[in-house]
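Here are the chains, one letter per residue:
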Amino acid sequence: MEKTEREDLAAWLKSQAADVVLSDCLQHIATSCIRIAHLVARAPLEGTAGSSDTTNIQGETQKQLDIISNDVMIEQLRLCPHIAAVVSEEVPDLIANPDAAENASFVVCFDPLDGSSNIETNAAIGTIFSVLELDGPTTDVTAESVLQSASNQIAAGYALYGPSTLLVLTTGKSVAVFALDPDEKRFFLIEAKVQIPEQTSEFAINMAYQRFWSPAVATYIEDCISGETGPRGKIFNMRWTGSMVADVHRLFVRGGIFLYPALSRPGGAQGKLRLLYEAAPMAFLVETAGGGASTGTRPVRSIEPEKLHQRAPVILGSKEEVELLTNLHHAS
Ligand code: AHM
Ligand code: MG
């Protein structure tokens, strides 16, 4: 495609008749992702690809890039007057924007660098974000005002830092994919409406936790790996990168199913992934692209959060597969 024909993010937002205030918020998020992509690429040169000596609210050891990316997001989103506050995987409490306009109504929840255990192996990682709109007073934002059902999201997306940097975005109408031109430092539209195929022959789950799976998940995976002579009558393939952004992006490209289910080990009843900035935005994207998003027993987006960093079991992907697994949960 000729450069002159390319539609950048700003033009796309305009063509979608996206609210100007929301467009400005999304542009600030995109700018953060462009900056993080640059810092991720430079990490081996800067000596920032390793661990830090700190832990986050979940008790996980932070990587240096977790902290750097978090700082970039907070600094950049502070420049957007429409953002009243942010919630980050790396910060225990809600952070109010001291520079927000009086009527700022957005809260952005984000995981600044998802899959960061992959940094040292130079595998794909990403940033996940969700935009919520406050329905009460927009000054003195509290954590309670952010604890909204995931169905209230007005936009969600992720940036995937792989061989190319991609931005996948929805405002609820469709899911659009943009690629970063690193020379121009701008995102350009490469696909206006991605759809997740209804059927699949690929699954993504961490098999090392098999002994902790529910009977429904165990049956589903056993049936998949039984191949052409098993109940599914076909051969399935397995992929697991350890980076949700990369594994979910594969759903948009090839279909499939991604699971981080409830585990019977101590502390595993809600899986691992966090609702506000991992499960909910991915569920919004996947469902907007025609896929399914369930915990196994209920739609991810029907959960009313009680805590900023609460976890939720996650089953995402091709609609028929998610329904099959949900039916297995209800039958067991
Ligand atoms: P993170 O936010 O600390 O990076 O953790 C989330 C990541 C997901 O990207 C990925 O699906 C999952 O953790 C992998 O976890 P596990 O190592 O238990 O398989
Ligand atoms: Mg994460």
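Every value quoted in this text rests on a predicted model; they were computed, and no experiment measured them.

Points about the environment of valine 322
With respect to the helices and strands, the residue valine 322 is situated in helix α8 (residues 319-331). Between the C-alpha atoms of valine 322 and glycine 291, which are 31 residues apart in sequence, the distance is 8.1 Å. Beyond its immediate chain neighbours, meaning those up to four positions away, valine 322 contacts Ile257, Gly292, Ala293, Ser294, Ile315, Leu316 and Gly317.

A short note on the coordination of the magnesium ion (ligand 2)
For the magnesium ion (ligand 2), the full set of protein donor atoms is Asp111 (OD), Asp114 (OD) and Glu278 (OE), and the range of their distances to it is 1.8 to 2.1 Å. Spacing between the donor residues of the magnesium ion (ligand 2) along the chain follows D-x2-D-x163-E.

Thoughts on the layout of surface pockets
Size it by volume and the largest pocket reaches roughly 630 Å³. Among the elements of the structure, α2 (20-46), β7 (155-161), β8 (165-170) and α6 (244-254) are those that each provide at least two residues to the lining of the largest pocket. At eight residues, α2 tops the list of elements feeding residues into the lining of the largest pocket. Grouping the constituent residues of the lining of the largest pocket by class yields 19 nonpolar, seven polar and three charged. Approximately 430 Å³ is the volume attributed to the second largest pocket. For the second largest pocket, the lining is made up of 26 residues, of which Gly115, Ser116, Ser117, Gly242 and Lys272 are closest to its centre. The greatest single-element share of the lining of the second largest pocket, amounting to three residues, is contributed by strand β5 (residues 106-114). Partitioned by chemical class, the residues of the lining of the second largest pocket number seven nonpolar, eight polar and eleven charged.

Let's talk about helix α3 (residues 64-78)
In this model, α3 (15 residues) spans 21 Å end to end at C-alpha, consistent with the 21 Å of a helix rising 1.5 Å per residue. When α3 is considered as a whole, its buried residues turn out to be Leu65, Asp66, Ser69, Asn70, Val72, Met73, Gln76 and Leu77. What you see down the axis of α3 is that its buried residues fit within an arc of 160°, all on one side. Those residues of α3 that are buried are in contact with α2, β2 (61-63), β3 (83-88), β5 and β6 (125-133).

Regarding the site of ligand 1
Taken together, 18 residues sit near ligand 1, with Gly115, Asn206, Tyr209, Met244 and Tyr260 positioned nearest. A distance of 2.6 Å is found between an oxygen atom of ligand 1 and a side-chain nitrogen or oxygen belonging to tyrosine 209. One nitrogen or oxygen atom from the side chain of glutamate 278 is found 3.0 Å from an oxygen atom belonging to ligand 1. Alone, ligand 1 offers 470 Å² of accessible surface; in the complex the protein occludes 87% of this. Structurally, ligand 1 is housed in the second largest pocket. Counting residues per element, the ones that place at least two in the shell around ligand 1 are β5 and β13 (257-260). Tallied by class, the residues present in the shell around ligand 1 amount to six nonpolar, five polar and seven charged. Viewed by domain, the shell around ligand 1 spans two of them, domain 1 (9-191) and domain 2 (202-331), each represented by three or more residues.

Considering the sheet that holds β7
Pairing is mixed in the open sheet, where eight strands are placed in the order β4-β3-β5-β6-β7-β8-β9-β10. The open sheet has two free edges, formed respectively by β4 (95-96) and β10 (186-191), since each of these has just one partner strand. Here seven bridges tie β5 to β6, and the two strands are oriented antiparallel to one another. From the neighbouring strand, cysteine 109 faces β6, where its bridge partner is serine 130.

Side note on the domain arrangement of the chain
Taken as a whole, the chain is organised into domain 1 (9-191) and domain 2 (202-331). Centre-to-centre, using C-alpha coordinates, domain 1 lies 23 Å away from domain 2. In this complex, domain 1 contributes 48 residues to the contact, which on the side of domain 2 involves 31 residues. Regarding the contact of domain 1 and domain 2, the summed buried area is about 2,800 Å², with carbon and sulfur atoms giving 66% of it. Broken down residue by residue, the surface that domain 1 buries against domain 2 is led by Ile128, Leu147 and Tyr158, which jointly contribute 21%. If you look at where domain 1 meets domain 2, you find two salt bridges.

Quick notes on the nonpolar core
Counting 49 residues, the largest nonpolar core has Tyr158, Met244, Val248, Phe252, Phe258, Met282 and Leu316 as its most contacted members. Looking at which element gives the most residues to this core, the answer is helix α7 (residues 275-288), with seven residues. Each of two domains, domain 1 (9-191) and domain 2 (202-331), supplies a minimum of three residues to this core. Among residues more than four places away in sequence, those in contact with valine 248 are Tyr158, Phe258, Met282, Val286 and Leu316. Counting 42 residues, the second-largest nonpolar core is a separate cluster that includes Cys25, Ala43, Val72 and Phe129.

Criteria and cut-off values
Residues numbered from 1 in each chain as written. Chains lettered and ligands numbered in written order. Predicted model: local features only at pLDDT ≥ 70, side-chain atom pairs only at ≥ 80, totals over all residues. Heavy atoms only, no water. Helix = DSSP H or I, 4+ residues; strand = E, 2+ residues; numbered from the N terminus. Contact = heavy atoms within 4.5 Å. Donors = N, O, S within 2.8 Å, 3.2 Å for Na, K, Ca; no water. 1 Å grid on protein atoms, 1.4 Å probe; cavity = no way out; pocket = protein on both sides within 12 Å on 5 of 7 lines; lining within 4 Å. Points joined across faces, edges and corners; volume = space filled by probe spheres on them. Nonpolar A, V, L, I, M, F, W, Y, C, P; charged D, E, K, R; others polar. Expected span 1.5 Å × (residues − 1). Buried < 20%, exposed > 50% of the residue type's maximum accessible area, 1.4 Å probe, protein only. Arc of directions from axis to C-beta. Near = heavy atom within 4 Å. Polar contact = N/O pair within 3.5 Å; in protein donor to acceptor, adjacent residues only side chain to side chain. Areas by Shrake-Rupley, 256 points an atom, 1.4 Å probe, with all protein chains shown as cover. Sits in = over half its atoms within 2 Å of the grid points. Domains from an automatic or database assignment. Pairing = 2+ DSSP bridges. Buried area = accessible area lost by both parts, 1.4 Å probe. Salt bridge = Lys/Arg side-chain N within 4 Å of Asp/Glu carboxyl O. Core = buried A, V, L, I, M, F, W, Y, C linked by side-chain atoms within 4.5 Å.

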